[in-house]
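# Breakdown of the fold
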Amino acid sequence: MTTVAEPTGSLSLALAHAVRLLETDPSLAAEQASEILKAAPGHPPTLRLLAAAHAASGDTDKAIEILLALVHAHPDAVLAQFDLAVALGRNGRTQEAIATLQQTLKVKPDLPQGWRVLADLLVSVGDAVGADTAYVQHVRHSRSDPQLLVIAKAVHENQLPDAESQLRRHLKRTPTDVVAIRMLAELAERLGRHEDAENLLERCLSLAPGFHAARQNYALILHRANKPTEALVQLELLLALDPTNLGHRNLKAAILCRIGEYPPAIAIYADILAAHPQQSRIWLSYGHALKTAGEQEKAIHAYRRSLDLDPGFGEAWWSLANLKTVRFSADDLQAMRTLLQRPELSVEHRFHVEFAIARALEDSAEYAASFQHYLQGNALRRSVMLYNADDTSARVKRIKSTYTQSFFKQRAGAGNTARDPIFIVGLPRSGSTLIEQILSSHSAVEGTMELPEIISITRSLRRQSESEFSTPYHDVLAELDADALSALGTQYLEGTRIQRKTDTAFFIDKMPNNFVHIGLIHLALPNARIIDARRHPLACCLSGFKQHFARGQNFSYSLDDMGRYYRDYVELMAHFDAVLPGRIHRVFYENMIEDTEGEVRRLLDYCGLGYEDGCLRFYENERPVRTASSEQVRMPIYREGVDHWQHYDAWLGPLRTALGSTLDCYPTPRVF
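Note that the structure is a prediction, hence the values are computed from the model and not measured.

So, about the nonpolar core. If you look at the biggest cluster of nonpolar residues, it comprises 217 residues, and the most contacted ones within it are Leu439, Leu477, Phe515, Ile531 and Phe576. Sort the elements by how many residues they give to this core and helix α31 (residues 559-579) lands first, with 10 residues. Those residues in contact with Phe576 that sit more than four places away from it in its chain are Ile399, Tyr403, Phe408, Phe515, Ile518, Gly519, Pro581 and Ile584.

A word on the pairing of strand β2 (residues 445-449). Here β2 lies mainly inside the structure; five of its five residues are buried. Neither face of β2 is open: one carries Val445, Gly447 and Met449, the other Glu446 and Thr448, and all of them are buried. Judged from the four bridges that link them, β2 and strand β3 (residues 506-509) form a sheet pairing that is parallel. Residue Met449 lies in a different strand from β3, and its bridge partner there is Asp509.

Time to look at the packing of aromatic side chains. For the structure on display, the rule yields 23 aromatic pairs. Measuring from centroid to centroid gives 6.4 Å for Tyr269 and Tyr286, while their planes differ by 55°, and the two rings are tilted. Residue Tyr269 is located in helix α16 (residues 262-275), and its partner Tyr286 is located in helix α17 (residues 280-292); the two are separated by 17 residues in the primary sequence. What makes Tyr269 buried here is its relative accessible area of 3%. Grouped by ring-pair contacts, the aromatic residues Trp318, Phe355, Tyr367, Phe371, Tyr374, Phe545, Tyr648 and Trp651 constitute a single cluster. Against the face of Tyr589 rests Arg535, its NZ or CZ located 5.0 Å from the ring centre.

This brings us to unusual backbone geometry. Peptide bonds are trans in most cases, and residues, glycine excluded, mostly fall at negative phi. A cis amide bond links Tyr666 to the next residue, Pro667, at an omega of 5°. Mapped onto the secondary structure, Pro667 falls in the segment after α36 (661-664). Phi angles above zero are rare outside glycine, and Ala365 is one such case at about 65°. When you line up the elements, Ala365 lands in the loop between α21 (347-363) and α22 (367-383). Phi at Arg429 takes a positive value of approximately 70°, unusual for a residue other than glycine. Mapped onto the elements, Arg429 comes out in the loop between β1 (421-426) and α25 (432-440).

A few words now on the pattern of salt bridges. Scanning all chains against the criterion turns up 35 salt bridges. Of the charged contacts, one joins Glu236 and Lys252 as a salt bridge, the two residues approaching to 2.7 Å between their closest N and O atoms. Here Glu236 is found in helix α14 (residues 228-241), whereas its partner Lys252 is found in helix α15 (residues 246-258), with 16 residues between them in sequence. Note that Glu362 and Arg359 form a salt bridge whose closest N and O atoms lie 3.9 Å from each other. Separated by three residues within a single helix, Glu362 and Arg359 lie in helix α21, roughly one turn from each other. Taking the relative accessible area as the measure of exposure, Glu362 reaches 8% and is therefore buried. Taken together, the shared-partner salt bridges in this structure form one network comprising Glu164, Arg168, Arg193 and Asp196.

Analysis parameters
- Residues numbered from 1 in each chain as written.
- Predicted model: local features only at pLDDT ≥ 70, side-chain atom pairs only at ≥ 80, totals over all residues.
- Heavy atoms only, no water.
- Core = buried A, V, L, I, M, F, W, Y, C linked by side-chain atoms within 4.5 Å.
- Buried < 20%, exposed > 50% of the residue type's maximum accessible area, 1.4 Å probe, protein only.
- Helix = DSSP H or I, 4+ residues; strand = E, 2+ residues; numbered from the N terminus.
- Contact = heavy atoms within 4.5 Å.
- Pairing = 2+ DSSP bridges.
- Phe/Tyr/Trp six-rings, centres within 6.5 Å; stacked < 30°, edge-to-face > 60°.
- Lys NZ or Arg CZ within 6 Å of the ring centre and 35° of its normal.
- Salt bridge = Lys/Arg side-chain N within 4 Å of Asp/Glu carboxyl O.

These figures come from the coordinates and say nothing about function on their own.
Set out below in structure tokens:
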């Protein structure tokens, strides 16, 4: 038996030593506590420590005996009462534990872990309603939990690895601490582990359905994960309890816009702003919804109102410029230039303003000055994002090596046989929105938007990998049998169903970046149409360079990156032309402008559709359009855009170099 030395030094030092022993050697901690009690009989903190040591050693009867005596001697010792309740619960004396905790919490209701333990005990006896109420109280009072406050400080200071390790240690000790679970979910989301965040919040809400802040987080993460139906279910639960909540209603409107339900979204925004007219960001969102629905004048008013409230709101300036029909006044231009002189203006506001000024100068034919502002805006945007052109080239090489002619031949006949999807792929600003508007003007075709469903499927495939390292989804896809490939097609159709508002035979998915997923599309949906929208390299790349995209398109903020991306795109499309001959229909933007009817007839023929005059009057189509070309496709075709890039030709040397021979052979598809 280990001999325990007599306590030396102050009582507090001896007690601190015993506390440290508790984590590694409970028996030795008990002996140390016993020695302290010889010098300080009846010392409450030491008695609590002694009881904890016995409990940690498995002797809960002895722990209960010590704590009962302590509570009897000190009826106001709430922490001892808490320890007693925990020990009673571990000893199977659940009802006594519940009664003890309830009494303790009457005296000290701001004891967060007391509410958590009470909730756990109520769950064990089947009292779900009582447990939910207790968990909510735990959430309410956890703001004062010193340990969680330390972790929250680490998160705020962006010390994410340290915060995560602290949270995991905390949850190992108290796995039902719903506040800590929610914090870990928020941390996982910030680290890009979206599925972990979703699972953690599901666990959190299974324990505490009344934890409304966690449900709001859950709805937001579901929205970001392209699960709009599930997100709306969570929001309806929240709105049933708090129908005027600004955050819940704003998120609901955003989700409705995501699924193409613009009239109800616009109504929500209008109602919010009637009650809260000072919300500049909601005015901006309202403007976006109005713009997409074709209500341009109202959109302009909303953007202007946003700027009235916050003149430094860079995105509102860019949103006006991005309409491409607004001409800024001299006062507007001066206001934006003054903004750029403010050193405190954030990078995000600054690059939006740079793009807006560039557009204003372009409209007044000041091309040299305009280009300088485009350069500055792009450089700022590029500085805050990750993109490596070498990674894209390596990705293309990998795709080409996987999706060979023999690869597809071995899987012939697999996939869902549905014919209704029409995919339009290519680069942004290549004329894809024009093609979509033409096709959606046919009575048998519904235009939707840039759908994220293919991207969602690639993420789900990656999650199926058993590799601990980053694995391309192509490896997983290559292992799937015919039934599994058919299931992927079904998954796509079911996931996009919420976007379809009519019963037309066909619908369009105009996500341009899907060109890198043609292998997946062909295997899952072998009868789907695939249209490649292509435009002159200099015109397409410059147009992308001049566009600030709301998200994605990280390659577009450098002329070199843009040229290399275009080159990789052409190379990959040439590969698919070779291994899937005739599978993809290509539309050259310049041909569509010069011979609109001929190109439209060829396009409709490829899609198996009869000719309709309405396709030539596409500008009369009033459907919502979300892309940067939303206002342009509401006007008849004009040739001005074909050669507009030549105004900037003097500054496109880096782009020409990056494009290389791809530029020289346009429009003939290059053979690689």
